[in-house]
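Close look at the chain arrangement
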Amino acid sequence: MGGQPQTGRVRPRWGPTNDNVEEMLEQVAEGTAICFAPSSMALYYARPGLSWVPLTDVEPLRVALAWADGGPLVEAFAAIVRDLAGLRRTSAASPRPR
């Protein structure tokens, strides 16, 4: 479970560590871990022994893309992300989200 412990609260018990998604899913299938993941993982990593249960009583997770000044590939990638997120620039003077 990610995040930082909050002051005055019980310290979290951290689970096993892993180096990649496959290891993490093996740990979940073995019953030694749980995983909070985007719903897209349920389609890509569907397999016997794993149940993907939507969390419906929590706020949506917000994700940000940040980068240092980069070249044309970085700018092209950022433009694709903006397009997919529905964030189109209205003018060249508009600040870029970072």
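Structure: above.
Predicted model only: the values in this text are computed from it and were never measured.

**Here we look at the overall build of the chain**
When helices and strands are counted, the chain shows 3 helices and 0 strands. Listing each helix as α and each strand as β along the chain from the N terminus yields α-α-α. The buried share among the 98 residues of the chain stands at 10%. Nonlocal contacts in the chain, meaning residues at least 24 apart in sequence, comprise 24% of its contacts between residues at least 6 apart. Only carbon and sulfur atoms are counted for the fraction: they give 58% of the accessible area of the chain, which is about 8,800 Å².

**A short note on the pattern of salt bridges**
Enumeration according to the criterion identifies 1 salt bridge in this entry. Ionic pairing is found between E22 and R47, a salt bridge with its closest N-O pair at 3.2 Å. With E22 in helix α1 (residues 21-30) and R47 in the loop between α2 (40-44) and α3 (72-85), this pair connects stretches of sequence that are 25 residues apart. On the basis of relative accessible area, E22 is assigned to the partly exposed category, the value being 36%. Judged by relative accessible area, which is 31%, R47 ranks as partly exposed.

**Structural notes on a nonpolar patch on the surface**
A surface patch of nonpolar side chains, amounting to about 440 Å² of accessible area, comprises I34, F36, L55 and V58. Within the secondary structure, V58 is located in the loop between α2 and α3.

**Regarding the layout of surface pockets**
Approximately 670 Å³ is the volume found for the largest pocket. Lining the largest pocket are 19 residues, with C35, F36, A37, V53 and L55 sitting closest to its centre. Partitioning the lining of the largest pocket into residue classes produces 16 nonpolar, 2 polar and 1 charged.

**Considering the environment of Y45**
Counting through the fold element by element, Y45 comes out in the loop between α2 and α3. Separated by 24 residues in sequence, Y45 and V21 place their C-alpha atoms 9.2 Å apart. Setting aside chain neighbours within four positions, we find Y45 in contact with V21, E22, L25, L50 and W52.

**Thoughts on α1**
Among all positions in α1, only M24, L25 and Q27 are buried. Angularly, the buried residues of α1 cover 155° about the axis, an arc narrow enough to put them on a single face. On the buried face of α1, the contacting elements are α2. At the N-terminal end of α1, a side-chain oxygen is found 3.1 Å from the backbone nitrogen of E22, two or three residues along, and the residue is N20. Of the residues one or two after α1, G31 is the one with positive phi, at around 85°.

The rules behind each value
- Residues numbered from 1 in each chain as written.
- Predicted model: local features only at pLDDT ≥ 70, side-chain atom pairs only at ≥ 80, totals over all residues.
- Heavy atoms only, no water.
- Helix = DSSP H or I, 4+ residues; strand = E, 2+ residues; numbered from the N terminus.
- Buried < 20%, exposed > 50% of the residue type's maximum accessible area, 1.4 Å probe, protein only.
- Contact = heavy atoms within 4.5 Å.
- Areas by Shrake-Rupley, 256 points an atom, 1.4 Å probe, with all protein chains shown as cover.
- Salt bridge = Lys/Arg side-chain N within 4 Å of Asp/Glu carboxyl O.
- Patch = residues over 30% accessible without salt bridge, like charges linked within 9 Å, V, L, I, M, F, W, Y side chains within 5 Å.
- 1 Å grid on protein atoms, 1.4 Å probe; cavity = no way out; pocket = protein on both sides within 12 Å on 5 of 7 lines; lining within 4 Å.
- Points joined across faces, edges and corners; volume = space filled by probe spheres on them.
- Nonpolar A, V, L, I, M, F, W, Y, C, P; charged D, E, K, R; others polar.
- Arc of directions from axis to C-beta.
- Polar contact = N/O pair within 3.5 Å; in protein donor to acceptor, adjacent residues only side chain to side chain.

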